[in-house]
Amino acid sequence: MTRMFHIRRGHEGDAQGVARLHAGIWPDEFPDDAAYISFWRWLFQEYPGSEAAVLVGEAPEGEIVGHSALIPYRFQMHDKEYQAGFVCQLMVKEEYRKELLFPKLETSFLRDYPQKGIDFVYGLINLPQVLKAHLAFSFQSLGELRVYARPYDLHILARSYVKNRALIPLLSPFLSIASRILHRSRPRRQAGLEVWEFTRFDERFEDFLVRAGSCYPVTTLRTTEILNWRFCRAPGREYLMWGVSEGASVCGYIVVRRMSMQGFDTLAVVDMLFPPHRRDVGKSLLHRLHQKALEAGAAMSACLLNPHDPMLSTLRRCMFAKTPAVFTLIFHSSRQDLRPAPFKDWHLLWFDHDTV
């Protein structure tokens, strides 16, 4: 039986229908439809200066059976500013997955996004079948970002990864010793730097954001207005934020969210910024992260990063190790004069992701 639908631009009135679609696919991600609607409005209608491109698939009786959208991130690429669209919240109701709903959603937004003033579309994909689907529609795969993690509780990790349960009691004494070593092996707080907690990005950060942002050839634009939208106005999320200053000057910050990742209680590094040559700043930030992880009893802390990113050397010195988890960076542009920058130049974290 062929199921009928049509594709159209989404609007405010679709939020309830999109929430029901989301709950049918990921029932445990939000407590109720109202929570998802608040998230949807924030993500797609409140980004400073522009509104997202949203498409829905609608059945004849009015039910929303498909959804795809682009967050309108501003982007810096080799000293030029672009309007980018981050592809996210792709959803197709199960009964429609054998129809042409996904191909029509994909071709529609690839055709229409230049009309919204978007120069290119990018995404971070961690599901092989979704990656394959995007690559079939002219997206380019630029490279794989990795998740780097720093463990704290080896007992929890062992219960998840050691298949022979009988070995766990035998390993327990060694795991306890190793966990204590990990707890004590903390990044050193660097002399001359002050670490402080804050709840909002204010004028203190403005000069720093320009200076530090220019250190990375390709990155999402960060301004105080954008950062406050991302971390202070996101409904239902609690972010911890610490800054580092040297005298009167801000020289770095980190934003962390405590959440479950792969079933582990994790402190996710959602955003972190410091000039890459200032390893002392990075270590001070990760020292505070380490303290918080021990206070919270977290199993690990984790950070998404390009393996070529100059920030990675600081993470490795602070005992972050590569995990099997990867996110593939995909890119699409209809502009003949716009080609993607080399993968090694892209500075991306979970700041760009919609669910972290």
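Located above this text is the structure these notes cover.
Residues numbered from 1 in each chain as written. Predicted model: local features only at pLDDT ≥ 70, side-chain atom pairs only at ≥ 80, totals over all residues. Heavy atoms only, no water.

Caption draft 1: Region of interest: the pattern of salt bridges. Using the criterion set out here, one finds 16 salt bridges in the structure. Arg222 is the salt-bridge partner of Asp271, the closest N and O atoms lying 2.9 Å from each other. A residue pair is termed long-range when its members are at least 10 positions apart, and Asp271 in strand β12 (residues 264-273) and Arg222 in the loop between β9 (218-220) and α8 (224-232) qualify at 49 residues. The class for Asp271 is buried, based on a relative accessible area of 0%. (Salt bridge = Lys/Arg side-chain N within 4 Å of Asp/Glu carboxyl O. Helix = DSSP H or I, 4+ residues; strand = E, 2+ residues; numbered from the N terminus. Buried < 20%, exposed > 50% of the residue type's maximum accessible area, 1.4 Å probe, protein only.)

Caption draft 2: The arrangement of helix α1 (residues 15-25) in detail. Along α1, the positions that sit buried rather than exposed are Ala15, Gly17, Val18, Ala19, Leu21 and His22. The inward-facing, buried residues of α1 abut α2 (33-45), β2 (53-58), β3 (64-71) and β5 (80-92). (Contact = heavy atoms within 4.5 Å.)

Caption draft 3: Fine view of the pairing of β12. The element β12 is largely enclosed, with a buried count of nine among its 10 residues. Pairing between β12 and strand β13 (residues 300-305): four bridges, direction parallel. Paired with Ala268 across the two strands is Ala302, which belongs to β13. Traced from β12 through helix α9 (residues 279-296) to β13, the parallel crossover comes out right-handed. (Pairing = 2+ DSSP bridges. Right-handed = clockwise from strand over helix to strand, strands pointing away.)

Caption draft 4: Layout of the side chain of Asp271. Side chain to side chain, Asp271 and Arg222 meet in a polar contact 2.9 Å long. Contacts of Asp271, omitting those with residues within four sequence positions, involve Arg222, Leu227, Phe231, Tyr253, Ile254, Val255, Leu349 and Phe351. (Polar contact = N/O pair within 3.5 Å; in protein donor to acceptor, adjacent residues only side chain to side chain.)

Caption draft 5: Layout of the packing of aromatic side chains. Applying the stated rule across the entire model yields 34 aromatic pairs. Aromatic side chains Tyr82 and Phe120 sit 6.4 Å apart centroid to centroid with 65° between the ring planes, which places their arrangement in the edge-to-face category. Placement of the pair is Tyr82 in strand β5 and Phe120 in strand β6 (residues 120-125), with a sequence separation of 38 residues. Considered together, Tyr82 and Phe120 belong to a single accessibility category, that of buried residues. Sitting over the ring of Tyr96, Arg3 keeps its end group 5.8 Å from the ring centre. Taking NZ or CZ as reference, Arg230 lies 5.9 Å from the ring centre of Phe351, over its face. (Phe/Tyr/Trp six-rings, centres within 6.5 Å; stacked < 30°, edge-to-face > 60°. Lys NZ or Arg CZ within 6 Å of the ring centre and 35° of its normal.)

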